[in-house]
Amino acid sequence: LLEVSMRYEEMAKALDETCRVYKGADGLQAWLGYSYELFETNHFRASIALLNVLDHCYPNNYEVLGNLGAAYTMLQEDDKAVGYLQRAVALAPTDPIDTWDLGRLYDYMNKVGLADEWYQKSLALDKDADRRRSNTCLYAEFVEKKLHESKRACELQKANCETQQQTACESRK
């Protein structure tokens, strides 16, 4: 009800009260869903408010930290974002999503070497074939435009991208 009526500050207060009363582990997943909904509707500050409460109640949870990193990334608060994403990856080094998000953030920050390192780690970890293919297509664009390796980018694009996305291959004709 608080979400629908856009009373986001009250949502964070209600969550804090709930966390003090209910100690079950399943509470985290329920509340993460709300923070995700707020994120998806571009209410990043409201999402961060809920995630900060969850971080206090469920400290050192990689999902909470990764979501905080993603929200700060969307707000272009890169210093905060990178700290949260680094912590998330340190807690769950085999999680391909936070690893990808860290690479993506480094890419946006033009830290090309770090971006390449984390992109490759994420792709190696990802067991979800559809997501890996989509991310490899994005990585191929990075290889083409940031690493300036059109031959490798073309090979990646041919294997993972739709024809119209194979921009590196056009330059090789």
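Structure's up top.
Note that the structure is predicted; figures quoted are calculated from it, not measured. (Residues numbered from 1 in each chain as written. Predicted model: local features only at pLDDT ≥ 70, side-chain atom pairs only at ≥ 80, totals over all residues. Heavy atoms only, no water.)

Between the first and last C-alpha of helix α4 (residues 62-74) there are 18 Å, a value that for 13 residues agrees with the 18 Å anticipated at 1.5 Å per step. Within the span of α4, buried status applies to Val64, Leu65, Gly66, Leu68, Gly69, Ala70, Ala71, Tyr72 and Thr73. Its side-chain oxygen 2.9 Å from the backbone nitrogen of Glu63, Asn61 forms the N-cap of α4. Once α4 ends, the next one or two residues include Gln76, with phi positive near 60 degrees. (Helix = DSSP H or I, 4+ residues; strand = E, 2+ residues; numbered from the N terminus. Expected span 1.5 Å × (residues − 1). Buried < 20%, exposed > 50% of the residue type's maximum accessible area, 1.4 Å probe, protein only. Polar contact = N/O pair within 3.5 Å; in protein donor to acceptor, adjacent residues only side chain to side chain.)

Inspection of the secondary structure puts Gly27 in helix α2 (residues 26-40). For Gly27, a relative accessible area of 11% translates into the label buried. Taking the C-alpha atoms as reference points, Gly27 and Tyr58, 31 residues apart in sequence, are found 9.7 Å from one another.

What follows deals with the side chain of Asn135. Within the secondary structure, Asn135 sits in helix α8 (residues 129-145). Leave out the neighbours within four places in its chain, and Asn135 touches Trp100, Leu123 and Asp126. (Contact = heavy atoms within 4.5 Å.)

Turning next to the side chain of Asp107. Within the secondary structure, Asp107 is located in helix α6 (residues 96-108). Classification of Asp107 as buried rests on a relative accessible area of 9%. Non-local contacts of Asp107, meaning those with residues more than four positions away in its chain, are made with Ala115, Tyr119, Phe142 and Lys146.

A few words now on unusual backbone geometry. Backbone geometry places Gln76, a non-glycine residue, at a positive phi of 60 degrees. Examined against the element boundaries, Gln76 turns out to sit in the loop between α4 and α5 (78-91). With a phi close to 60 degrees, His148 is a non-glycine residue in the positive phi region. Topologically, His148 is positioned in the loop between α8 and α9 (150-160).

One pass over the full model with this rule turns up 7 aromatic pairs. Between Tyr119 and Phe142, the ring centres sit 5.0 Å apart and the planes meet at 80 degrees, which makes this aromatic pair edge-to-face. Placement of the pair is Tyr119 in helix α7 (residues 112-125) and Phe142 in helix α8, with a sequence separation of 23 residues. Site record: aromatic cluster; members linked through ring pairs are Trp100, Tyr119, Tyr139 and Phe142. The residue whose ring lies beneath Lys121 is Trp118, and the NZ or CZ to ring-centre distance is 4.1 Å. (Phe/Tyr/Trp six-rings, centres within 6.5 Å; stacked < 30°, edge-to-face > 60°. Lys NZ or Arg CZ within 6 Å of the ring centre and 35° of its normal.)

By themselves, these are just geometric observations and shouldn't be taken as functional.
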